[in-house]
Amino acid sequence: MPIYAIDQHIPVVHADSFIHPSAEIIGDVIIEAGCYIGPNAVIRGDFGRILIQKNSNVQDTCVIHSFPGGDCILKPNSHVGHGAVLHGCTLEPDCLIGMNAVVMDNCIIGAESIVAASSFVKANSEFAPRSLIVGTPAKVLRTVSDKELIWKQSGTAQYVNLAQRCKQSLREVTPLTAVETDRPRFNQSSYRPKS
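As a convention, each chain's residues are numbered from 1 in the sequence order in which they are written. Thresholds applied to this predicted model are a pLDDT of at least 70 for local features of residues and 80 or more for the giving and counting of side-chain atom pairs; totals over whole chains, interfaces and linings are not thresholded and use all residues. Working from all heavy atoms in the structure, the side-chain values ignore hydrogens and water.

A few words on the nonpolar core. What makes a nonpolar core is a set of buried Ala, Val, Leu, Ile, Met, Phe, Trp, Tyr and Cys residues whose side-chain atoms join them at distances within 4.5 Å. Relative accessibility thresholds used throughout: buried, under 20% of the residue-type maximum; exposed, over 50%; partly exposed, between the two (1.4 Å probe, protein chains only). With 32 residues, the main nonpolar core has I37, I52 and L86 as its most contacted residues. Elements with a contribution of two residues or more to this core: β4 (24-31), β6 (42-52) and β9 (72-74). Note on contacts: a residue pair qualifies if any of its non-hydrogen atoms lie within 4.5 Å across the two residues. Here L86 is in contact with V63, I64, H65, C72, L74, V80, L91, I97 and V103, once residues within four sequence places are set aside. Judged by nonpolar contacts, the second largest core, of six residues, contains Y36, Y159, L162 and C166. Numbering goes from the N terminus for both helices and strands, where a helix is a DSSP run of H or I of at least four residues and a strand is a run of E of at least two.

Moving on to helix α1 (residues 146-169). How far a helix is expected to stretch is found by multiplying one less than its residue total by 1.5 Å. The first and last C-alpha atoms of α1 sit 34 Å apart over 24 residues, in line with the 34 Å expected at 1.5 Å per residue. Taken together, the buried positions of α1 are occupied by L149, K152, G155, T156, Y159, L162, A163 and C166. Summarising the contacts, the buried residues of α1 are in contact with β3 (18-19), β5 (36-37), β7 (57-58), β10 (79-80) and β13 (96-97).

On to the pairing of β6, then. Here, a strand pair is defined by DSSP locating no fewer than two bridges between the strands. The pairing of β4 with β6 spans seven bridges and is parallel. Residue pairing in the sheet places G27 in a bridge with G45 of β6. Strand direction decides the pairing type here: β6 and strand β8 (residues 63-65), joined by two bridges, are parallel. Note that in β8 the partner of I43 across the bridge is I64. By the bridge criterion, three bridges tie β6 to β9 in an arrangement that is parallel. Directly across from I52, in β9, lies its bridge partner L74.

This part takes up the pattern of salt bridges. A pairing counts as a salt bridge when a side-chain nitrogen of Lys or Arg comes within 4 Å of a carboxyl oxygen of Asp or Glu. The tally for this structure, following the rule as stated, stands at eight salt bridges. The partner of D28 in a salt bridge is R49, with the nearest N and O atoms 3.0 Å apart. Of this pair, D28 sits in strand β4 while R49 sits in strand β6, and the two are 21 residues apart along the sequence. For D28, a relative accessible area of 14% corresponds to the buried category. Using a relative accessible area of 39% as the deciding quantity, one classes R49 as partly exposed. Salt bridges sharing partners connect three or more residues here, namely E112, R130 and D146.

Listed below in structure tokens is the structure:
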């Protein structure tokens, strides 16, 4: 996987986390235990620190960066959907950022909040815990329900499990030329989080 130092800054990746081989990690990046970093994610700590705390996931094609002197912080159990962009912001614990959402500099997304897919969160915005944040520009629609929070936490647990599955079994292979007889399906119990 491409992991790069810049100046004196060498990324730190906990041994219990999984970084996909196509992800790029650059500079002052700290990734704690139990994290999943997906294919083609770019995490650039070349101007400010990127801190991804335990059991967080950053999915395919996400970009995390900041302006000079700014940090981007994902607190524990952050869940960042495919194609999202985080720039110099802070996610408090247990947030979900929907697919293709953009969260700009100096934003603080309160704990247990959800930013809807394709929303644009303007710079310097701050949201209370358990906010459902929607739109362009993003605004609070309502409070995140208990049912929605449980759904979010279940999804995050699946990605913690996926990090371990990938560490154990993801490997580059030559494709088959034909579908095998009785081709196996994924066993959902193998990737459903334990309750």
